[in-house]
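Results of the structural survey
The lines below spell out each chain.
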Amino acid sequence: MSVPPFSTLPLRAVQRSIDVVWSPQRPRPGLSVSLRIHIPHAERVTIVYPDDAELDERALRVLFSPLLRSIAAQHFPGILRELAGKHGFPMAPNIRIGAPRTRWASRSSTGTISLSYLMLFFPEALLHHVLLHELCHIEHMNHGRDFHARLEEVDPLAKAHEAAMRSVVRDYIPAWLRG
């Protein structure tokens, strides 16, 4: 890799960014350099990699996924709790943070809300829309008329947010994380 692929990760949903420092290392005789992430501060990470390495998208996803999952786990439950309280929803009994392939979020029949850490890259309003959508499923486990009425009650811009959701991958998720 001759030029680092990015220098900042903008985590819009939680109003912070992480500076990324790229540190190529030349292996010394008898020692190897492995791809690894070093997190000296919450706002900066250092990526150490062999200077002759090709950093492909898969390697970057594997490297950053645990960090992003951890940040989402720190922030998303509190945001969900705040929105639930503000709009009179009971809190979900369990919250899971992961990287589902087909949905940004879901609510199971047992009440567990599963959230994608990739939503860290969304604008805050779109994250709130997705969370409110899942909270509305506490009252309505379908997408019927009552569900949509409740969603528009708690998110008056729901229709505009739904339209914006059609392009979130292209507009906000870094290309190397889309794989």
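Keep in mind that what you see is a predicted model, and the values were worked out from it rather than measured. The written sequence of each chain sets the order in which its residues are numbered from 1. Where local features are concerned, this predicted model is filtered to residues with pLDDT of at least 70; where side-chain atom pairs are given and counted, the filter is 80 or more; whole-chain, interface and lining totals use all residues. Processing note: side-chain calculations cover all non-hydrogen atoms of the structure and skip hydrogens and water entirely.

**Here's the deal with the overall build of the protein chain**
How we decide: Secondary structure elements are defined from DSSP: runs of H or I of at least 4 residues count as helices, runs of E of at least 2 residues count as strands, and each element is numbered from the N terminus. Relative accessible area decides the class of each residue, using a 1.4 Å probe on protein chains only: under 20% of the type maximum gives buried, over 50% gives exposed, and in between gives partly exposed. By definition in these notes, contact holds between two residues if any of their heavy atoms fall within 4.5 Å.
From N to C terminus, the protein chain includes five helices and seven strands. The C-alpha extent of the protein chain, read off along each of the three principal axes, is 65 × 30 × 25 Å. Expressed as a percentage of its 179 residues, the buried residues of the protein chain come to 45%. A separation threshold of at least 6 residues defines the contact pool for the protein chain, and within that pool the share at least 24 residues apart is 57%.

**What to know about the pairing of strand S1 (residues 8–11)**
Convention followed: In this description, strands pair whenever DSSP reports at least two bridges between them.
Going residue by residue along S1, you find Leu9 and Leu11 tucked away on one face and Thr8 and Pro10 left uncovered on the opposite face. The sheet contact formed by S1 and strand S2 (residues 16–25) spans four bridges and is antiparallel. Across the sheet, residue Leu9 finds its bridge partner in S2, namely Ile18. Hairpin connection from S1 to S2: four residues lie between these consecutive antiparallel strands, with Gln15 at a positive phi of about 55°.

**Here we look at the pattern of salt bridges**
Selection criterion: Any carboxyl oxygen of Asp or Glu within 4 Å of a side-chain nitrogen of Lys or Arg constitutes a salt bridge here.
Enumeration according to the criterion identifies five salt bridges in this entry. One salt bridge in this structure joins Arg150 and Glu139, with 2.9 Å as the shortest N-O distance. Within this pair, whereas Arg150 is found in helix H3 (residues 145–154), its partner Glu139 is found in helix H2 (residues 124–139), the two being separated by 11 residues in sequence. Judged by relative accessible area, Arg150 falls into the buried class, the value being 11%. Because the salt bridges share partners, they merge into one network encompassing Glu139, Arg150 and Glu153.

**Focus on the environment of His161**
Let me state the cut-off plainly: Counting of polar contacts relies on pairs of N or O atoms within 3.5 Å, with two restrictions inside protein: one atom must be capable of donating a hydrogen and the other of accepting it, and residues adjacent in sequence are counted only when both atoms are side-chain atoms.
Positionally, His161 belongs in helix H4 (residues 158–165). Not counting residues within four places of it along the chain, the set of residues in contact with His161 comprises Ala125, Leu126, His129 and Asp155. At 2.9 Å, the side chain of His161 forms a polar contact with the side chain of Asp155.

**Some words on H4**
Applicable threshold: Think of the arc as the fan of directions from the helix axis to the C-beta atoms.
Of all the positions in H4, only Ala158, His161 and Met165 are classed as buried. End-on, the buried residues of H4 take up no more than an arc of 60°, which puts them together on one face. Buried residues along H4 sit in contact with H2, H3 and helix H5 (168–172).

**Observations regarding the nonpolar core**
Rules: Here, the term nonpolar core denotes a set of buried Ala, Val, Leu, Ile, Met, Phe, Trp, Tyr and Cys residues that are joined through side-chain atoms within 4.5 Å.
Counting residues in each nonpolar core, the largest one holds 53 residues, and the members touching the most others are Phe64 and Phe76. Every element with two or more residues in this core is listed here: S1, S2, strand S4 (44–50), helix H1 (57–87), strand S7 (113–116), H2, H3 and H4. At 12 residues, H1 tops the list of elements feeding residues into this core.

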